[in-house]
Structures are given as structure tokens and as C-alpha cells.
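# Reading the structure
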Amino acid sequence: MGKDKKSPANIAKGYEQYLRLECNYSMNTLEAYRHDLRDMLDFFSQQNKSFFDAELEDLELFATSIHEKGIGPRSQARILSGIRSFYRYLQLDGYIKDDPTELLESPQIGEHLPTYLTTEEVDILENSIDLSKWEGQRNKAIIEVLFSCGLRVSELVNLKLSSLYLDEKFVRVLGKGNKERLVPISSKAIQELQYWFLDRNLMTNIKAGEEDYVFLNRRGAHLTRTMILIMVKQQAKLAGITKNISPHTLRHSFATALLKGGADLRAIQAMLGHEDIGTTEIYTHMETSDLRKEILEHHPRNVNG
């Protein structure tokens, strides 16, 4: 009976009763919480981890994964509120001793300037990679392509060899809504890709139907968004980068570097594949914020004598 009580189906049923009877939530809120809980359970299932054993770091990975899907800050905050509620219920009913969500942060609502890395920090990130490992050069190429082309992680995992035009220095990207765009690729990214291809060409276990994908795992299948998310977070930790970064951070870093270098906002919009120029304008706020910081730090009237 104890085992049966701890089955995910029975726990989900008990949690729903708790929300309905003790929290007095509406049917719409109940449905939203049910959906969010399913998403979290699916995420942990993909990680081969039980939600009972989840720690703060695991929940932060889940939080980053919903951000990577392009879900807005308000919806992210609602989802994480539901996850906190679920773990409070598990603690109240004695399923777990400690609540791992106590220090789980929600995204700021309102104007939130995204985190980005400087070019020097991207170099530190790449230089921390152990190239003696099988996946080392592949990971270095992934980070450089994300930074040099400003791709969404979903665009990177679906990048095909047949979409690379390296002699002409551009790649064809399939973005949101199946819209294609051409993005320039830097000489540095081309070089890292070519080094990766030396390893890739030695693979003898590429699965049928996967031959055209640029980035593969050891088993010869294309990578998933979660794999890249975990890799970037782990590499940042190894590199000593304390910013909370994800693959999307490299896209922000690409746009910020272009703006700082004097690129036109419309050109950045086209390269990022933004439908609305308003989405791209966040980077002008970042530039203004940095400019203000520089003035406060270096203007003679602000330097203590």
C-alpha cells in the first residue's frame, strides 16, 4: 500500500485534491497546475531522475528549460509558483523532508535586461573545455556557433550540413514558424566546425536519418535542447563564470556585441529572426544601461579624489 501511495498517479491525485479543497483554486488554475506538473515530471523523466530526489540545481535546470522554450516571464513565474506549491504539498504530506524549492527564484516581471557574456567571457568559456575528451571539440563548436550566429538552441539542434555554406560564410536557419533566414557565420566559427568535422567524419555509428545533422552525440543521434542546456551550464561552472547562463545567453551576447560594434538595429533584427523590432529594442536598453554604468564609474565628476 505504501508503494502504491507513492506512485506518481496517486500523488498527482492527492495534490489535485489539496489544491481544490485546501487552496480553493478555480478549475482554470487547477488545469494550469496539472499541465505544469506534467511538464516537470516529463522533464525529470528525460533526465532519468525521480522528482522525489530533485535538488535546487535540478529545479533550476527545469526553470531554464521553460525559459528556453520562449515562455514569457509572467508564465514562467506562474509555472514555478505551481512547482513550489507541489513541493510544499509533498513536504506537508510527509513524502519529502526538505523543500528543494525554498531558494528557487522566479524571473523578474517587468523590464528585465537579459544576462550576456562579453567576448572575453566567451573565450574563457571555450578555453575551459577539455579538448582531449571526445565531445570537447564538438562542444567548443556549439558554443562558438551559438555566439557567432545568435541562434536559438532549437535552431542549433536542427542545423543541417546541407544548410551550411561555409565558402560563402553563411548558414541557412529554420526559425520560428518554419521561417528561413540566412545568417552570416564568422571565420572562427567555421574553423571550430571544421575541427569538429574531423572527429565527426570518424564516426561509424551514425543512425539512419541523422546523417545530415551537424551536431551528434556519441550514439550517432542529433542532440536535444536539454543536452545543450546542461552542457553550457556545466561548462560555465568549470570556467568559473558566476553569471546564471544558458544557451540563450549566447544569443543575447551575439546581439549585444553587434550593437556595441555599431550594427544597425534592423540588421540585428533580421539576423535574430525577430518578427517585431520591439523585441530587438531590448538590446538598446542594455547598451544604455552599460553606458550609464561606464559614466558613473569613469566620469571625472564621479571619481572620488
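In the block above lies the structure referred to throughout.
Residues numbered from 1 in each chain as written. Predicted model: local features only at pLDDT ≥ 70, side-chain atom pairs only at ≥ 80, totals over all residues. Heavy atoms only, no water.

Looking now at the environment of Leu229. On the secondary structure map, Leu229 appears in helix α10 (residues 225–239). Judged by relative accessible area, which is 2%, Leu229 ranks as buried. Placed 168 residues apart in sequence, Leu229 and Leu61 show a C-alpha to C-alpha distance of 7.9 Å. With residues near it in sequence (within four places) discarded, Leu229 still touches Leu61, Thr64, Ser65, Ser246 and Pro247. (Helix = DSSP H or I, 4+ residues; strand = E, 2+ residues; numbered from the N terminus. Buried < 20%, exposed > 50% of the residue type's maximum accessible area, 1.4 Å probe, protein only. Contact = heavy atoms within 4.5 Å.)

The next thing to look at is the sheet that holds strand β3 (residues 180–184). Whenever strands of a sheet pair, they do so through backbone hydrogen bonds, lying parallel or antiparallel. With antiparallel pairing, three strands are arranged side by side in an open sheet as β1-β2-β3. Looking at strand neighbours, the two that pair on one side only are β1 (164–165) and β3, the edges of this open sheet. With five bridges joining them, strand β2 (residues 170–174) and β3 adopt antiparallel strand pairing. Within the sheet, the bridge partner assigned to Leu174 lies in β3 and is Glu180. (Pairing = 2+ DSSP bridges.)

A word on helix α9 (residues 187–200). Helix length check: α9, at 14 residues, gives a terminal C-alpha distance of 19 Å against a target of 20 Å (1.5 Å per residue), a fit within 8%. In the core, the buried residues of α9 are packed alongside α7 (136–149) and β1. (Expected span 1.5 Å × (residues − 1).)

Counted under the stated rule, the structure contains 14 aromatic pairs. Measuring from ring centre to ring centre gives 5.1 Å for Tyr15 and Phe86, while their planes differ by 75 degrees; the resulting arrangement is edge-to-face. Of this pair, Tyr15 sits in helix α2 (residues 8–22) while Phe86 sits in helix α5 (residues 73–92); the two residues are 71 residues apart in sequence, bridging distant segments of the chain. With relative accessibility at 3%, the residue Tyr15 sits in the buried group. Through a chain of ring-to-ring contacts, three or more aromatic side chains come together here, namely Tyr15, Tyr18, Phe51, Phe52, Phe86, Tyr87, Tyr89 and Tyr95. Geometry around Tyr213 places Lys160 over its ring, the cationic atom sitting 4.8 Å from the centre. Note that Lys243 overlies the ring of Tyr116, its terminal NZ or CZ placed 5.7 Å from the centroid. (Phe/Tyr/Trp six-rings, centres within 6.5 Å; stacked < 30°, edge-to-face > 60°. Lys NZ or Arg CZ within 6 Å of the ring centre and 35° of its normal.)

Further remarks concern the packing of helix α3 (residues 27–46) against α5. For the pair α3 and α5, interaxial distance at closest approach is 9 Å and the crossing angle is 80 degrees. Taken as axis vectors, α3 and α5 run roughly perpendicular relative to one another. Here Ala32, Tyr33, Asp36, Leu37, Met40 and Phe44 of α3 come into contact with α5, specifically with Arg78, Ile79, Ser81, Gly82, Ile83, Ser85, Phe86 and Tyr87. Here the residues of the contact of α3 with α5 sort into nine nonpolar, three polar and two charged. (Axes fitted to C-alpha atoms, helices over the stretch in contact; angles between N-to-C directions. Parallel < 35°, antiparallel > 145°, perpendicular 65-115°, else oblique. Nonpolar A, V, L, I, M, F, W, Y, C, P; charged D, E, K, R; others polar.)

Structurally, the position occupied by Glu126 is in helix α6 (residues 119–127). Only 3.5 Å separates the side chain of Glu126 from the backbone nitrogen of Glu144, close enough to count as a polar contact. Discounting residues that sit within four places of it in the chain, Glu126 has contacts with Lys140, Ile143, Glu144 and Lys188. (Polar contact = N/O pair within 3.5 Å; in protein donor to acceptor, adjacent residues only side chain to side chain.)

Another point: the nonpolar core. The nonpolar side chains of a soluble globular protein tend to be buried with one another. Core analysis: the largest hydrophobic core is formed by 41 residues, its most contacted members being Leu193, Phe215 and Ile228. Every element with two or more residues in this core is listed here: α6, α7, α8 (153–157), β2, α9 and α10. Among all residues touching Leu193, those that are not within four sequence positions of it are Ala141, Val145, Leu164, Leu166, Ile185, Val214 and Phe215. By size, the runner-up hydrophobic cluster in this structure holds 29 residues, among which are Tyr15, Leu30, Tyr87 and Tyr89. (Core = buried A, V, L, I, M, F, W, Y, C linked by side-chain atoms within 4.5 Å.)

Another aspect to go through is the pairing of β2. Each regular strand displays side chains that alternate between the two surfaces of the sheet. Across the two faces of β2 the burial differs, with Val171 and Val173 buried and Phe170, Arg172 and Leu174 not buried at all. By the bridge criterion, two bridges tie β1 to β2 in an arrangement that is antiparallel. By the bridge assignment for β2, Leu164 is matched with Val171. What sits between β1 and β2 in their antiparallel hairpin is a turn of four residues, with Lys169 showing a positive phi close to 65 degrees. From the end of β2 to the start of β3, which pair antiparallel, there are five residues, and Gly177 there has a positive phi angle of about 65 degrees.

The phi angle at Asn48 is positive, at roughly 55 degrees, despite the residue not being glycine. Here Asn48 lies in the loop between α3 and α4 (56–68). Its identity as a non-glycine residue notwithstanding, Lys169 has a phi of 65 degrees, on the positive side. Mapped onto the secondary structure, Lys169 falls in the loop between β1 and β2.

Position of Thr226 relative to the elements: it lies in helix α10. Once residues within four sequence positions are removed from consideration, Thr226 is found in contact with Phe43, Gln46 and Gln47.

On inspection of all chains with the given rule, the structure shows 14 salt bridges. Its salt-bridge partner being Glu192, residue Lys140 comes within 3.7 Å of it at the nearest N-O pair. Taken together, the positions of Lys140 in helix α7 and Glu192 in helix α9 put the pair 52 residues apart, joining distant regions of the chain. By the burial criterion, Lys140 is buried, and Glu192 matches it. Notably, a salt bridge pairs Glu180 with Arg172, separated by 3.4 Å at the nearest N-O pair. On the accessibility criterion, Glu180 (54% relative accessible area) is exposed. Among the charged side chains, a salt-bridge network with shared partners connects Glu16, Glu31, Arg34 and Arg38. (Salt bridge = Lys/Arg side-chain N within 4 Å of Asp/Glu carboxyl O.)

Treat this as a map of the structure, not an account of what it does.
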